[in-house]
Amino acid sequence: MAAAFHRYACYRDYQRARVQIAIAERALPNSPDALALAAGLDGRQGRWLESTKGLEKAVSLDPRNPEFLSALADNYFRLRRYRDYEHTYDRLIELEPDKPLLIIQKAYSAMNGKGDLTTLRAALERLPSSMKDDVNMVSVQFAYALSARDWKAAREVLSRSTNSELYYFNADATVSRGCLEIYLAYLQGGRPPMEATFAAAREQLNRKVEAHPEDASLLSASAVIDAALGRKSEAIEEAKRAVAMLPVSEDAVDGPSLVYNLAAVYGMMNEPNLAFQQLAISVKTPGGATYGTLKLDPCWDPLRKDPRFDKLLAELAPRD
């Protein structure tokens, strides 16, 4: 089991990891850990039916394991099965009622499935004061403010946070508050000037990208910042390179967010045809664009007047 996880997590060597899991399963029949690890491999390879069934079985064998429940909820979310996602989070919240983050995560269902921010806002308002400066909570608060187009609230989130870096740009990477200020300035209209503060923030991000050349998510975030600054050739090149580094065919868990960002960069850089090519892929990909992200994310504002955008939005619209 340890050898399988090492191959999977450190090297993305799925073939050898499966060999080790098969050995483990012979000695540990019906092991929920083996089932969950195999399901993780299946998910990375885009075998979502097999992955979900494996996690459901692991949960049935170990129903009070929050790690398995969380992984299963993630699968439901990527598959846009929002009711199943919510029910699974109800079980997680029952197991760990002292974790406010779980309530926030459950609220993502209404936002992504229906484009409804009410539930998320209510959950954020109920946060205990001890969580107010948690990096995950602050990141969610900033993302919520942007989705609500409350620029004043977004600025306040950044100004009061003591975190030097936050998560954003639909990728598993943190960027400095200065970079988020660049993006916020772009959303408020026009191209942010490369004055001293913004230039320093951009250079800091560039140094971080150079220090982590293997991090596709960080490179993708950098592309969005360059797009906000109007650096068209740099932004498109970075966004394309991030997708090439970690394509969905090699990682169906992390890859979709990079396609989403590539589409956003094309839209921000006035390349609507290329943006819609990527969006057409994203809306059909597990873990890609959702009804809520298309409806609420301000990065899509350059595309909203195009009839193709309404067509894509209708494809993802809730049916009940």
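Worth saying up front: this structure is predicted, and the values here are computed from it rather than measured. (Residues numbered from 1 in each chain as written. Predicted model: local features only at pLDDT ≥ 70, side-chain atom pairs only at ≥ 80, totals over all residues. Heavy atoms only, no water.)

S.K.: Hey, could you run me through helix 7 (residues 100-114) in this one?
M.R.: The periodicity of an α-helix, 3.6 residues per turn, causes residues three or four places apart in sequence to face the same way. Helix length check: helix 7, at 15 residues, gives a terminal C-alpha distance of 22 Å against a target of 21 Å (1.5 Å per residue), a fit within 8%. Residues Pro 100, Leu 102, Ile 104, Ala 107, Ser 109, Ala 110, Met 111, Asn 112 and Gly 113 constitute the buried set of helix 7. Each element contacted by the buried residues of helix 7 is listed here: helix 5 (66-78), helix 6 (82-95), helix 8 (118-125), helix 9 (135-147) and helix 17 (291-296). Remark: Gly 115 follows helix 7 within two positions and exhibits a positive phi of approximately 70°. (Helix = DSSP H or I, 4+ residues; strand = E, 2+ residues; numbered from the N terminus. Expected span 1.5 Å × (residues − 1). Buried < 20%, exposed > 50% of the residue type's maximum accessible area, 1.4 Å probe, protein only. Contact = heavy atoms within 4.5 Å.)

S.K.: Whenever I open this one, the environment of Trp 300 confuses me. Can you help?
M.R.: Looking at the element boundaries, Trp 300 is found in the loop between helix 17 and helix 18 (307-316). When neighbours within four sequence positions are excluded, Trp 300 is seen to be in contact with Tyr 260, Ala 263, Ala 264, Leu 279, Thr 293, Leu 294 and Phe 309.

S.K.: I would appreciate a short explanation of the nonpolar core in the present structure.
M.R.: Grouped burial of nonpolar side chains is what soluble globular proteins tend to show. With 63 residues, the main nonpolar core has Phe 169, Tyr 183, Val 265, Leu 294 and Trp 300 as its most contacted residues. Not counting residues within four places of it along the chain, the set of residues in contact with Tyr 183 comprises Leu 146, Tyr 168, Phe 169, Val 224, Ile 225, Ala 228, Met 268, Asp 297 and Cys 299. In this structure, Ala 39, Phe 68, Ala 73 and Leu 102 belong to the second largest nonpolar core, which totals 15 residues. (Core = buried A, V, L, I, M, F, W, Y, C linked by side-chain atoms within 4.5 Å.)

S.K.: Teacher, can you tell me more about the pattern of salt bridges here?
M.R.: Between side chains of opposite charge, a pair can form when the charged atoms approach closely. A complete count under the given rule lists 21 salt bridges for this structure. Note that Arg 16 and Asp 13 form a salt bridge whose closest N and O atoms lie 3.7 Å from each other. One network of salt bridges, with partners in common, ties together Arg 12, Arg 44, Asp 251 and Asp 254. (Salt bridge = Lys/Arg side-chain N within 4 Å of Asp/Glu carboxyl O.)

S.K.: Which parts of the structure should I look at to understand the state of the cysteines?
M.R.: In the structure shown here, the tally under the stated rule is zero disulfides. The closest cysteine sulfur to the non-disulfide-bonded Cys 299 is located on Cys 179, 17 Å from its own sulfur. Classification of Cys 299 as buried rests on a relative accessible area of 4%. (Disulfide = S-S within 2.5 Å.)

S.K.: Would you mind showing me how to read the packing of aromatic side chains here?
M.R.: What characterises a pair of aromatic rings is the spacing of the ring centres plus the angle enclosed by the ring planes. Applying the stated criterion across every chain yields a total of eleven aromatic pairs. With centroids separated by 6.1 Å and ring planes inclined at 45°, the aromatic side chains of Tyr 8 and Tyr 14 adopt a geometry described as tilted. Considered together, Tyr 8 and Tyr 14 belong to a single accessibility category, that of buried residues. Between Tyr 85 and Tyr 89 the ring centres are 4.9 Å apart and the planes differ by 50°, which places this aromatic pair in the tilted class. In this pair, Tyr 85 and Tyr 89 are both assigned in helix 6, four residues apart and thus about one turn of the helix distant. Among the residues examined, Tyr 85 registers a relative accessible area of 4% and is labelled buried. Residue Tyr 89 is classed as buried on the basis of its relative accessible area of 2%. Pairwise contacts between aromatic rings join Phe 142, Tyr 168, Phe 169, Tyr 183 and Tyr 186 into one cluster. (Phe/Tyr/Trp six-rings, centres within 6.5 Å; stacked < 30°, edge-to-face > 60°.)

S.K.: Hey, could you run me through unusual backbone geometry in this one?
M.R.: Peptide bonds are trans in most cases, and residues, glycine excluded, mostly fall at negative phi. In this model, Arg 149 sits at a positive phi of 55°, which is unusual for a non-glycine residue. You can see Arg 149 is positioned in the loop between helix 9 and helix 10 (151-160).

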